[in-house]
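# Overview (structure and organization)
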Amino acid sequence: MTDAGDGRPTPRAGLAERQAELVAALVAGGPPPAGFAPGPLAATRAALLRKRAGDVARHWPLLAAGLGVEWSTTFADWAARRPTAGSLRDGWDLARALRDQHALPPSAAEELALREARLRYDGRRTPRPRRVPAVGRAGGAVAVQIAGRVRLLRPAPRP
């Protein structure tokens, strides 16, 4: 219930709005809510981005390894204004963004091509297994899925 019947907001409605503002500030790049010190809020936000980067790295190890010491910075810059869609999807979206910028490392291109061949992901819904033969391409890497088996046909070119 958003009001007490007389047009005044209930304390619970006000709390829910403040909580939503805080969550948006911490994980989606929203403005800091009134009454919160910016320093601790920024530190908490940075810690949550590091945790999120670690979760994504577990699902996308070649992407994280390919970026090396730039992984945390690259991920934080990309994720700062995006709420999480889950570790698998966050990594997938980041890999696609790097591919489009021609900044995807070769090992990550192979990892993306294998995922694209194995799963169908449109960027909005949860990835689903493919049922028919499929080809995945990324950064020069080509993978194929036939009868449930995925093979890398051509590795990504190395500089």
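Further up the page is the structure itself.
Residues numbered from 1 in each chain as written. Predicted model: local features only at pLDDT ≥ 70, side-chain atom pairs only at ≥ 80, totals over all residues. Heavy atoms only, no water.

## With respect to helix 2 (residues 38-59)
One turn of an α-helix holds 3.6 residues; hence residues three or four places apart share an orientation. In a regular helix each residue adds 1.5 Å, so 22 residues correspond to 32 Å; helix 2 covers 32 Å between its end C-alpha atoms and thus fits that length. Taken together, the buried positions of helix 2 are occupied by Leu-41, Arg-45, Leu-49, Arg-52, Ala-53, Val-56 and Ala-57. The arc enclosing the buried residues of helix 2, seen along the axis, measures out at 145°, which places them on a common side. Residues of helix 2 that are exposed and point over 90 degrees away from its buried face: Pro-40, Arg-50, Lys-51 and Arg-58. (Helix = DSSP H or I, 4+ residues; strand = E, 2+ residues; numbered from the N terminus. Expected span 1.5 Å × (residues − 1). Buried < 20%, exposed > 50% of the residue type's maximum accessible area, 1.4 Å probe, protein only. Arc of directions from axis to C-beta.)

## Observations regarding the pattern of salt bridges
In this structure the tally under the stated criterion is eight salt bridges. Between Asp-55 and Lys-51 there is a salt bridge, and its shortest N-O distance comes to 3.6 Å. With Asp-55 and Lys-51 both in helix 2, this residue pair falls four residues apart, about one helical turn. Residue Lys-51 is classed as exposed on the basis of its relative accessible area, which comes to 53%. (Salt bridge = Lys/Arg side-chain N within 4 Å of Asp/Glu carboxyl O.)

## Side note on the side chain of Asp-90
Tracing the sequence through the fold places Asp-90 in helix 5 (residues 87-100). Here Thr-84 takes part through its side chain, which lies 2.7 Å from a polar atom of the side chain of Asp-90. Sequence-distant contacts of Asp-90, that is, excluding residues within four places in its chain, are made with Arg-52, Val-56, Trp-78, Pro-83, Thr-84 and Ala-85. (Polar contact = N/O pair within 3.5 Å; in protein donor to acceptor, adjacent residues only side chain to side chain. Contact = heavy atoms within 4.5 Å.)

Nothing here speaks to function; it is geometry throughout.
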